[in-house]
Amino acid sequence: MFLVSTKNCTNAAIEISNKADLHFIMTEVKRFPDEELYVRIVESVKGSEVIAIGNTREDSEALEFVLLLNALRENGASKVIAFLPYFGYARQHMIYKPGEAISSMVLTEILSKYSDEILTINIHDNSTMKYSEKKFRVISMVKPLAKYFSGNDIGMVIAPDDGAMQLAEEAGKVLHVESRHLDKKRIDSITVSYSEAKFNVAGKNILLIDDIISTGGTIKKSIKILREMGANKIYVGAIHGIFINNSGDDIAGICDELAVTDTIYSRYSKIKISDSIEEIMSEVV
Ligand code: R5P
């Protein structure tokens, strides 16, 4: 089995190829003078199974990934597994306002056209899986994330909203503590409001957990509420750290520690996906 990746995922891909002893295929990626993207695999993949690693966080990376999948198919790969550490565009998985496009459906349909299987890590909403004609699996990195904080005497795991409650429950089980969620209402893409929480965090060390940190608005507001409620230490964990406008630094400045995985690499990527290699490989073979 071979492994290949888009440019943004090279570090994680090389670590995975070393740990799983997979041959890493080089690519040539460039832009034509008119800025159109060009992707070529520089070794033969004829008759081989290939894991292609790429995120769809940025538009250009999504296109690079689709072109890469097509290059593998066109050059004779016997099986193409599309592995997206971060499945971007999954937050719009349904129509909220008339006239909207369903981005997660569009992307999934394209990925399933150019690959034989799709694998990702903690997708924003599992309902995206229904848009795929091919096998689509989701791995959870909550366990290693929770274990990272296991030495911090965590007294409760809190999700910033009910959508992240499943992650909080999973982390709570790992840490053998209770899990609860705050009641978030999203006003717009950067503003959120909360109603009063009906549980007690006073004096407890809290692990605040979410799937994605983007602008950081959700987590910053949640930290403020937990502080007002008398929480002792507040640790923040998330699977995917997008950290728009340096929001990672803002959050790190107001909590006791911030840690995310390296699905999107940043200075707060303290949990490596390559450390979960056994689980990843058990899903692809
Ligand atoms: C929302 O449903 C997600 O789980 C996250 O809470 C959200 O994407 C975080 O966004 P932001 O950091 O911009 O508040």
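Right, let's walk through the structure included here.

Parameters at a glance
Residues numbered from 1 in each chain as written. Predicted model: local features only at pLDDT ≥ 70, side-chain atom pairs only at ≥ 80, totals over all residues. Heavy atoms only, no water. Pairing = 2+ DSSP bridges. Helix = DSSP H or I, 4+ residues; strand = E, 2+ residues; numbered from the N terminus. Axes fitted to C-alpha atoms, helices over the stretch in contact; angles between N-to-C directions. Contact = heavy atoms within 4.5 Å. 1 Å grid on protein atoms, 1.4 Å probe; cavity = no way out; pocket = protein on both sides within 12 Å on 5 of 7 lines; lining within 4 Å. Points joined across faces, edges and corners; volume = space filled by probe spheres on them. Nonpolar A, V, L, I, M, F, W, Y, C, P; charged D, E, K, R; others polar.

The sheet built from 6 strands is open, its strands ordered β10-β9-β13-β14-β15-β16 with parallel pairing. Both edges of this open sheet fall to β10 (178-181) and β16 (269-271), since each of them pairs with a single strand only. Across the sheet, the axes of successive neighbouring strands diverge by a mean angle of 35°, strand direction being ignored. The sheet contact formed by strand β15 (residues 257-261) and β16 spans 2 bridges and is parallel. Note that in β16 the partner of Thr261 across the bridge is Ile271. On the sheet, helix α6 (residues 217-228) packs against β9 (156-159), β13 (206-213) and β14 (234-241) and is oriented at approximately 165° with respect to β13.

As a further point, take the layout of surface pockets. Approximately 1,200 Å³ is the volume attributed to the largest pocket. Looking at the largest pocket, it is lined by 35 residues, and the ones nearest its centre are Arg91, His124, Asp161, Lys184 and Asp211. In terms of residue count, the dominant contributor to the lining of the largest pocket is β13 (4 residues). Of the residues assigned to the lining of the largest pocket, the class counts are 11 nonpolar, 14 polar and 10 charged. Together, 18 residues line the second largest pocket, and Asn8, Cys9, Thr263, Ile264 and Tyr265 are the ones closest to its centre. With 4 residues, helix α1 (residues 10-20) is the largest single contributor of residues to the lining of the second largest pocket. By residue class, the composition of the lining of the second largest pocket is 6 nonpolar, 5 polar and 7 charged.

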